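# Coordinates in review
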Amino acid sequence: MASSYLLQCPNFSTNLNLNLTSKPTTLKTTPSFLLIKAAASSPNNNTSTSTAKSNNIRDEARHQNLTNPQQIHNFSAKYVPFGADPATSTESYSLDDIVYRSQSGGLLDVHHDFSALKAFPGSYWRALFDSRVGKTTWPYGSGVWSKKEWVLPEISSDDIVSAFEGNSNLFWAERFGKQFLEMNDLWVKHCGISHTGSFKDLGMTVLVSQVNRLRKMNKPLFGVGCASTGDTSAALSAYCASAGIPSIVFLPANKISIAQLVQPIANGAFVLSIDTDFDGCMQLIREVTSELPIYLANSLNSLRLEGQKTAAIEILQQFDWEVPDWVIVPGGNLGNIYAFYKGFHMCKELGLVDKIPRLVCAQAANANPLYLYYKSAWKEFKAVKANSTFASAIQIGDPVSIDRAVYALKKSNGIVEEASEEELMDAMALADSTGMFICPHTGVAMTALMKLRKSGVICSSDRTVVVSTAHGLKFTQSKIDYHSNNIKEMACRYANPPVSVAADFGSVMDVLKKYLSKTPKY
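Residues numbered from 1 in each chain as written. Predicted model: local features only at pLDDT ≥ 70, side-chain atom pairs only at ≥ 80, totals over all residues. Heavy atoms only, no water.

## Concerning the side chain of Q263
Note the following rule: Only DSSP runs of H or I reaching four residues or more are called helices, and only runs of E reaching two or more are called strands; each is numbered from the N terminus. Residues are treated as being in contact if the distance between any of their heavy atoms lies within 4.5 Å.
Structurally, Q263 can be placed in helix α10 (residues 258-266). Apart from residues no more than four positions distant in its own chain, Q263 is found in contact with T196, A234, S237 and K474.

## Things to note about the sheet that holds strand β3 (residues 108-112)
In a beta sheet, neighbouring strands pair by backbone hydrogen bonds and run either parallel or antiparallel. Note the cut-off: For two strands to be treated as a pair, DSSP must find at least two bridges joining them.
Reading across the sheet, the three strands line up as β2-β1-β3 and stay open at both edges, with antiparallel pairing between neighbours. Taken across any chain shown, the strands that pair with only one partner, and hence form the sheet edges, are β2 (93-94) and β3. Where strand β1 (residues 77-81) lies against β2, two bridges are found, and the strand directions are antiparallel. Counted as the bridge partner of K78 is S94 from β2.

## Points about the UniProt feature "modified residue: N6-(pyridoxal phosphate)lysine" (unreviewed entry) in the protein
Test applied: UniProt positions are given in the numbering used here, feature names are shortened, and annotations may be inferred rather than shown by experiment. Burial classes: relative accessible area under 20% of the type maximum marks a residue as buried, over 50% as exposed, and values in between as partly exposed (1.4 Å probe, protein chains only).
Under the UniProt annotation, "modified residue: N6-(pyridoxal phosphate)lysine" (unreviewed entry) lies at K200. Along the chain, K200 turns up in helix α8 (residues 200-216). By relative accessible area, K200 is classed as buried at 12%. The residues touching K200, leaving out its near neighbours within four places in the chain, are D231, T232, A235 and R304.

## Observations regarding helix α9 (residues 231-243)
For the record, the criterion: One less than the residue count of a helix, multiplied by 1.5 Å, gives the span that helix is expected to have.
Between its first and last C-alpha atoms α9 spans 19 Å; for 13 residues at 1.5 Å apiece the expected length is 18 Å, and the two agree. Summarising burial for α9: ten of the 13 residues are buried, a large majority. If you check which residues of α9 are buried, you get D231, T232, S233, A234, A235, L236, S237, A238, Y239 and C240. Backbone geometry just after α9 places G244 at a positive phi near 75°.

## Concerning the environment of S420
Tracing the backbone shows S420 in the loop between β12 (415-419) and α17 (421-432). Between the alpha carbons of S420 and Q363 there is a distance of 9.1 Å; along the sequence they are 57 residues apart.

## A look at the confidence of the model for the protein
Let me state the cut-off plainly: Residue-level confidence of the predictor is what pLDDT reports, using numbers from 0 through 100.
Averaged over all residues, the pLDDT of the protein is 88; the fraction at 70 or higher stands at 87%. The low-confidence segment residues 1-8, where pLDDT is below 50, has 23 contacts with residues more than four positions distant or belonging to other chains. The low-confidence segment residues 12-52, where pLDDT is below 50, has 51 contacts with residues more than four positions distant or belonging to other chains.

## Here we look at the packing of aromatic side chains
Cut-off, in case you're wondering: Aromatic rings from Phe, Tyr and Trp, with only the six-membered ring used for Trp, were paired whenever their centres fell within 6.5 Å, and each pair was classed as stacked if the ring planes differed by under 30 degrees, edge-to-face if by over 60, and tilted otherwise. Think of it as a cone above the ring: NZ of Lys or CZ of Arg counts as a charge over the ring if it is within 6 Å of the ring centre and within 35 degrees of the ring normal.
Applying the stated criterion across every chain, the model contains 22 aromatic pairs. When the centroid spacing of 5.7 Å and the interplanar angle of 55° are considered together, the rings of F75 and W125 count as tilted. Linking F75 in the loop between α3 (57-67) and β1 with W125 in helix α5 (residues 122-132), this pair joins segments that are 50 residues apart in sequence. Looking at F75, the relative accessible area reads 4%, which means it is buried. The ring of F129 carries the charged tip of K147 above its face, separated from the ring centre by 6.0 Å. Lying over the aromatic face of F437, K479 brings its terminal NZ or CZ to 4.3 Å of the ring centre.

## Some words on the sheet that holds strand β4 (residues 170-172)
To be explicit about the condition: A fitted line through C-alpha atoms serves as each axis, taken over the contacting stretch for helices, and the angle formed by two N-to-C directions is quoted from 0 to 180°.
Ordered in space as β4-β5-β13-β10-β11-β12, the six strands form an open sheet in which the pairing is mixed. Taken across any chain shown, the strands that pair with only one partner, and hence form the sheet edges, are β4 and β12. Shown here is a sheet whose adjacent strand axes are inclined to one another by a mean of 25°, direction ignored. Across five bridges, strand β11 (residues 358-364) lies against β12 in parallel orientation. Note on β12: the bridge partner recorded for A362 is E417.

So, in C-alpha cells, the structure goes:
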C-alpha cells in the first residue's frame, strides 16, 4: 500500500525512506490515482534515450509535467478576508483574480486547502522538502519553489519566474553570542544573501510568477508597480526584467541609498522619484493601480507573503526540524513578521513540528507605531510620522500589515522592541566586528536581542535566530559615516577608522607597536 500512496504524492522520489507506518484514512486524490496507474502503464511514458533530450531545465520540467504521473495532485489555494474563518466565510477569490482588499476594505490572506495537504503526514512533507535542497531541477532548486505545494500549488512550472532564490545561509554567530551576550546558540538567518540582496526576492518570485501566469491568460495587465524604500523595487525590477514584464517604481526622493536606487534603474524599471515619504508613495501607488492596468506589488498584496514564509520553513530545515526558542524580525510595513508566523504555523498544523517559536518584532524608534501599540497593551493603534532612520527600509509610520503583525505576535506570545539610531548603529558595528557585515535593519534586530538578553527575557541557553533582511553592501555609506565619526550627535563608540602614517619604517613600527600593546595576547 505504501508504494501506491507515494505515487499519489507530487514530485517525490520513491527511493526515499519515509518510515510510513500507515496510510491516511481518506485520500481525496483517488481519481488522480486512477490516472497515475494509467499513465504509469502507458508505453508513451517512456523517458529513455528514444525521447528527444530537453534543451534546458525549464524544457525538462515542461516535459515532466506532461508525462510524469507524480505531478498530479489536487492542492489549491484562494484569497479569503484576513481573520475570517475559511470554513464559514462566504467571501473568497481565486488567486487568478486581481484583488487586493476584501469587500469591507480589509486585508486578504492566501488560504491553502489544509484538508488536501493533511492527506500526507508531516514526515512526507519534511522528506519532500529536504529532497529538493541543492538541486537544479526546475523550479525546485529555489528555496521558495521547493515548497511549491504550500506556495502556489496550481501554477505551472513553465510560468514560474525564479532566480533560485532562498536557501540562504544560517550563520552561527559564535563570537558575537559568546563575547557580548554569553550565548552559545545564536544564529543569523542571512535572507539578504539572495539575488538582489534582500529577503524581498522571496516574495517577489511568487508575485511576478503569478503576474506572468495572468498575462498568459490575457488578463488586462500592462505591468507591475510598487512603492519602495529600495529593496522592494530592486526585487520587483529584477524579476520583471527576467520575465520581460514592465515594472514601475515609486521612490521617496532623497531617502534611500544610491546602492538601492541603482538596482531598479539598471534593471530597466520606470522609476518615479517623488517628493514624499514611503507612506506617501504607498498612497499614490494604491490610487494608480486602482485606475490603470498595473498590478500592485507591495505587501498589501498577500501573494508576497507566500514566498516570504518559506524562510521560516528553511530555518526549521536547517535545524533538522528542531524549533528554535526565539526568532527576531525587523519590522516596517509588518508583512514579514506575519509571513514568518505563517510559515511556522503551517509546519505545526501539518505535523512537521509540534510547536512554534516565540516571535520578536524589532522597530526603529524613529518609526515605531507597532512598538507604541504593544506598549499600550494593544489598546489603540495610531499611525506616526516616520522620522529619518538609518534603517531606511523600515521607515514606515502607517504600516499596511498592522493587523497581520498583531495577530502573529499574539498567537506566538511575541514581543515588540525598539532601537534608537545610536543603538542600532552600535549593534551593527559590534556585529561587523565579529565577522558579519549586516544592514542597519539587522542592527535594529540585534539591539532588540541585546535588550531582551540583558533583561533576562531571553536566556543564555535559548536557541535564538535573528533575521537579517538585506545585505550590508547596500548600506556602505552609513558604515563609512559611522567609522569616520561623521554622524552628528552620535558617539560612534566602535568606530574603526584607518590610521594615517608616514611612509617610513620607523613610523610604521611605532604605530604597530602601539597597536600590539593594546591587543590581547594569545
